[in-house]
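# Working through the structure, step by step
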Amino acid sequence: MTDTEIFPQLDIPQTLAAGPGPGNTDPRVLQRFTAAGVADHMQPDVLRGMVEAKHMLRDVMGTRNVHTFGVAGTGWSGLDVMFNAVMPGDKVVVFNNGTFSGIDGLTVRMKAATAEELAANPLDPKPAFVTIIDVPHGESVSGEIVEKALAEHKPKWAAMAHWETGSGRINDLRGFSDACERYDVMGLIDAVSSLGVEDFRIDDFPGVHGWASCPQKGICCLPLTYAPVSFTDRYIDVLKSTGCRSFVHHPILEARHWGIIDGKDAEKGVYHRTHSPYAVAAFHEALRITLQHGVAQRARDYAFHEAALREAVTTMGCKVSSNMTSLVVLNLPEELAGREMELVQNCRANGFGIWPTLSQPVQIRIGILNLLTQEAILEIATRFGEAMRELGAKIDTDAVRDGLNRHYDTDIAAE
Ligand SMILES: *Cc1c(COP(=O)(O)O)cnc(C)c1O
């Protein structure tokens, strides 16, 4: 007899991933993932795939930064690499308007804390030289807010989320970059939610010196493949002079396996750590899909379908407080107020994967990552309407359907 139980094979059902992320992995990505042969991380096609992916990623991000590559893991892995240039005692300003920029702030506080400051509060350090500017949930970080804080504090670094997925708010990237340039501050941007959804080129924002994103939102790849990052030469020069306390997440050392050596493109990479041929093949295909669709066209498609969903839930009596184009964040109508969590749980129990907000106040988040079709939006609207009706809401189903038809007919007529 043994105490060890061997559980049955793990089956995970198909769900409709209609949340803030992870999004729906493209079938082409899954196909490449499972079709990759067993190969080690120095096999020539794996190395070639990484070099090709690096070049495609520069295109997707709109940059000539040599230090542009993928970090194995999720969004936080890429962000950890980016924030690794922040050293104990550095002066930093972080703009916080929700769950994710809040964690960016915590990451910065952990890295900027002196040994004494960290020991005083190891899980939530409060270093003297880090200033967190809190902007209320549901509001965007404006250029004026950034301007005022940088003028007052004149930090070495400033950090902001481009799109705050916690509340679905777009922050003012132009204002942030301009203010960073004006006060000679090095900007760091969490672009986890915006890359592959919004049409922007990072080289158009010269005040920003570090960028980090994730595989499984706008890039439609699998979680734990590669988090895109990009750094300017100035960021790399600063890092060269200070060093950083990581081998694996070192922005200069990690780049070597992607064929970025001594600040230049090399023909192939050199060993940094073991890379998975499955992950490389999947990431490579996801970038091919993004470029074939085109970043600009994709951004237009997101805006178009988000508008349809926004109109549908508004017709159902919900109030939308977000302005991202991949996500609708809403409050239920008055008669269902306070039952947001219950509704989300009912939906999730039925394989309809919408989300609540992760910080107060509780709102509902419905995402459309890689769900850019009339059928997908209709299904989301229908299932959401049914869930509201189960809680007793009266919904004018005809009006919702007519609105959606009008939205999509107009598009067809326009073509
Ligand atoms: C999702 C998200 C993250 C975290 O990404 P993980 O892939 O969960 O590690 C960080 N920042 C923003 C803005 C996000 O939307």
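Reading guide: rules and limits
- Residues numbered from 1 in each chain as written.
- Predicted model: local features only at pLDDT ≥ 70, side-chain atom pairs only at ≥ 80, totals over all residues.
- Heavy atoms only, no water.
- UniProt positions renumbered as here; feature names shortened; annotations may be inferred.
- Near = heavy atom within 4 Å.
- Polar contact = N/O pair within 3.5 Å; in protein donor to acceptor, adjacent residues only side chain to side chain.
- Areas by Shrake-Rupley, 256 points an atom, 1.4 Å probe, with all protein chains shown as cover.
- Nonpolar A, V, L, I, M, F, W, Y, C, P; charged D, E, K, R; others polar.
- Helix = DSSP H or I, 4+ residues; strand = E, 2+ residues; numbered from the N terminus.
- Contact = heavy atoms within 4.5 Å.
- Core = buried A, V, L, I, M, F, W, Y, C linked by side-chain atoms within 4.5 Å.
- Buried < 20%, exposed > 50% of the residue type's maximum accessible area, 1.4 Å probe, protein only.
- Pairing = 2+ DSSP bridges.
- Axes fitted to C-alpha atoms, helices over the stretch in contact; angles between N-to-C directions.
- Phe/Tyr/Trp six-rings, centres within 6.5 Å; stacked < 30°, edge-to-face > 60°.

In the annotation of an unreviewed UniProt entry, the protein chain is listed under the name Aspartate aminotransferase and assigned to Primorskyibacter flagellatus. If you open the UniProt record of the protein chain and go to Cofactor (unreviewed entry), you find "pyridoxal 5'-phosphate".

A few words on the site of the ligand. The local shell around the ligand consists of Thr74, Gly75, Trp76, Leu79, Phe100, Trp163, Thr165, Asp190, Val192, Ser193, Gln216 and Lys217. At 2.9 Å, a backbone N or O of Trp76 approaches an oxygen atom of the ligand. Take Gln216: an N or O atom from its side chain is 2.7 Å from an oxygen atom of the ligand. Burial of the ligand by the surrounding chains reaches 90%, relative to a free accessible area of 390 Å². Its residues assigned to classes, the shell around the ligand comprises five nonpolar, five polar and two charged.

This part is about the side chain of Ser193. Note that Ser193 resides in the loop between strand E7 (186–190) and strand E8 (208–212). Only 2.7 Å separates the side chain of Ser193 from the side chain of Thr165, close enough to count as a polar contact. Sequence-distant contacts of Ser193, defined by excluding residues within four places in its chain, comprise Trp163, Thr165, Lys217 and Met324.

This part is about the nonpolar core. If you look at the biggest cluster of nonpolar residues, it comprises 77 residues, and the most contacted ones within it are Phe95, Leu150, Trp157, Phe176 and Trp211. Once you skip the residues sitting within four places of it in the chain, Phe95 turns out to touch Ser101, Ile133, Val141, Ile145, Val146, Ala149, Leu150, Ala159, Met160 and Phe176. Ala308, Val329, Ala381 and Ala393 belong to the second largest nonpolar core, which has 42 residues in total.

Right, let's talk about the UniProt feature "binding site: substrate" (unreviewed entry) in the protein chain for a bit. Using the residue numbers shown here, the UniProt feature "binding site: substrate" (unreviewed entry) corresponds to Arg365. By the element assignment, Arg365 lies in strand E15 (residues 364–367).

Right, let's get into the pairing of strand E9 (residues 226–231). Burial analysis of E9 places six of its six residues in the buried class, the great majority of the element. Here E9 shows no split at all, with Tyr226, Pro228 and Ser230 on one side and Ala227, Val229 and Phe231 on the other all buried. Direction of pairing for strand E1 (residues 67–72) relative to E9: antiparallel, over a ladder of six bridges. Looking across to E9, one finds that Thr68 is bridged to Ser230.

Moving on: the sheet that holds E8. Pairing in this open sheet of seven strands is mixed, and the strands run E1-E9-E8-E7-E4-E2-E3 from one edge to the other. What marks the edges here is a single partner per strand, and that holds for E1 and strand E3 (130–134). Adjacent strand axes in the sheet meet at a mean angle of 20° when their direction is disregarded. Bridging between strand E2 (residues 92–96) and strand E4 (residues 157–161) involves three bridges; their strand directions are parallel. By the bridge assignment, Val92 is partnered in E4 with Trp157.

Below, the discussion takes up the environment of Arg383. Here Arg383 is to be found in helix H13 (residues 374–390). Owing to a relative accessible area of 24%, Arg383 belongs among the partly exposed residues under this scheme. Sequence separation between Arg383 and Phe352 is 31 residues; the distance between their C-alpha atoms is 7.7 Å. Once you skip the residues sitting within four places of it in the chain, Arg383 turns out to touch Leu16, Asn350, Gly351 and Phe352. Among the polar contacts listed, one links the side chain of Arg383 to the backbone oxygen of Asn350, at a separation of 2.8 Å.

On inspection of all chains with the given rule, the structure shows twelve aromatic pairs. Summarising the aromatic geometry, the rings of Phe304 and Tyr408 are spaced 5.4 Å apart at their centres and angled 90° between planes, so their arrangement reads as edge-to-face. Remark: Tyr408 occurs in helix H14 (residues 397–414) and Phe304 occurs in helix H11 (residues 295–315); sequence separation between them is 104 residues. Taking relative accessible area as the criterion, Tyr408 reaches 4% and is therefore assigned buried. Cluster of aromatic residues (ring-pair linked, three or more members): Phe69, Trp157, Phe231 and Tyr235.

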